[in-house]
Amino acid sequence: MGPARSLGIATTLVAIAVTGVLAQPRPDPIQQTARTATEATQAAKAAEARAAELDRAAAAERDGEARARAEQAAADQRIKAAEAEQAGAEARVALLDRLLARQRTAFAERQRPALELVAALQAMARRPAVLALAQPGSAQDLVRVRATLASLLPAIQARSAGVRADLARSRALRIATAGAAADLQKRRADLESRRLAALQLESQHRLRAMTLGRDALVESDRALALGEQARDLAAAEDRTESAAQLRSDLLVLNGPLPRPGAAAVAARGAPPYRLPVAGRLAIGFGELSPAGVRARGPTFEVTPGTTVVAPAAGTIAYAAPVAGYGQVVIVDHGKGWTSLVSGLATVAVRPGTPIGQGAKLGTAGPRVTVELRRRGQPLDLTQLLD
């Protein structure tokens, strides 16, 4: 063995002695990944706590719509928790991958000088001892190498123990990585199941809302139908009451009673109701006016200035002009009976004044309309006239 080769072996042994067990780690990527995993775990716990709170609120809620909203919000929070757990599992897998890669690098760095030393020793072992005696200085070099090797044997043993520890850590990291990968798969499956549960819950809420809406429409139509029936019954009852009480109500009016025949009329005098003015009938009761409105009383064409009288006794309830109707006088006969006379040119009465049948109300314009009303409903007054 020449001086150069002996020097190389000695240098290798010295390198083994002075090399550190592991290189200083780069903290930034691993710390960042660990921080991400921690934050994801905290977010998952917060989401689970919020979901539990919403579950309690939904259980205590009496309103169905509010309960459905709380249940849907709880399902959304569970999805957020599952997503955070999946993110944490992915971060843990990435962290273990980084640690395993760093362990492999450190193991390779630790293994390389030992491999070089083993190769050098194998080369020395294969060299015959007689050749060492033949070369000057070889024996001295061999003695120095053996002395150096003896002094460095404790360091080599310590490094071997470190290598074994590195191998154990590598195996532990591989086991942890496999467990983290399995946990990641579980988190993904849990996320999918929670999303599916949320979709099913939303579908149930929509179906229930559609059912309730359809039932509400049916009940609304039924309520409208019952309302129409009630109005028809009320109108029929009112018409029956009006027909039955017409004659009896007219008996309380100031003036003669309705006659049953011509003889009775001659004996009792004037009828209980009379026209307020004499003229030509222009529009009859129930006919369509030129404006397309069905007439609620007869309209007469008269000579302007003709005197207009009260059709029956009562009290003046209104006497004032109305746009489009000229001067209007309303006579209250009592018990829900009123007469409305419109189309007057002048008015000779004031509200609140009692008035008898035939008393002057004012003077007529070219057309005068009279309406007889019972509780606000217009009636045909021709059956009360003589």
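Quantities reported herein were computed from a predicted structural model and do not represent experimental measurements.

Asks: For this particular structure, what's the right way to read a nonpolar patch on the surface?
Replies: On the surface, a cluster of nonpolar side chains totalling about 270 Å² of accessible area is made up of Y318, V322 and Y325. You can see Y325 is positioned in the loop between β4 (314-322) and β5 (326-334).

Asks: Can you walk me through the environment of T382 in this structure?
Replies: Tracing the sequence through the fold places T382 in the segment after β9 (377-379). In this structure the C-alpha to C-alpha distance between T382 and F285, which are 97 residues apart in sequence, comes to 9.0 Å.

Asks: Explain the confidence of the model for the protein chain to me, please; I cannot follow it from the model alone.
Replies: Low pLDDT means the predicted atomic positions in that stretch should not be read closely. On average, residues of the protein chain carry a pLDDT of 75, and 65% of them reach 70 or more. Helix α6 (residues 262-268) is the least confidently modelled element of the protein chain, averaging 42 in pLDDT, while strand β7 (residues 354-355) averages 96, the highest of any element. Predicted confidence is poor over residues 254-267, with pLDDT under 50, and the contacts of this stretch with residues over four places away or in other chains come to 19 contacts.

Asks: Quick question: what am I supposed to make of unusual backbone geometry here?
Replies: Negative phi characterises most residues that are not glycine, and trans characterises most peptide bonds. Despite not being glycine, K335 has its phi angle at roughly 60°, a positive value. Among the secondary structure elements, K335 is positioned in the loop between β5 and β6 (337-347). Judged by its relative accessible area of 56%, K335 is exposed. Of note, R375 is a non-glycine position whose phi angle comes to about 55°, a positive value. Tracing the chain through its elements places R375 in the loop between β8 (360-374) and β9.

What counts, and where the lines are drawn
Residues numbered from 1 in each chain as written. Predicted model: local features only at pLDDT ≥ 70, side-chain atom pairs only at ≥ 80, totals over all residues. Heavy atoms only, no water. Patch = residues over 30% accessible without salt bridge, like charges linked within 9 Å, V, L, I, M, F, W, Y side chains within 5 Å. Areas by Shrake-Rupley, 256 points an atom, 1.4 Å probe, with all protein chains shown as cover. Salt bridge = Lys/Arg side-chain N within 4 Å of Asp/Glu carboxyl O. Helix = DSSP H or I, 4+ residues; strand = E, 2+ residues; numbered from the N terminus. pLDDT = per-residue confidence, 0-100. Contact = heavy atoms within 4.5 Å. Buried < 20%, exposed > 50% of the residue type's maximum accessible area, 1.4 Å probe, protein only.

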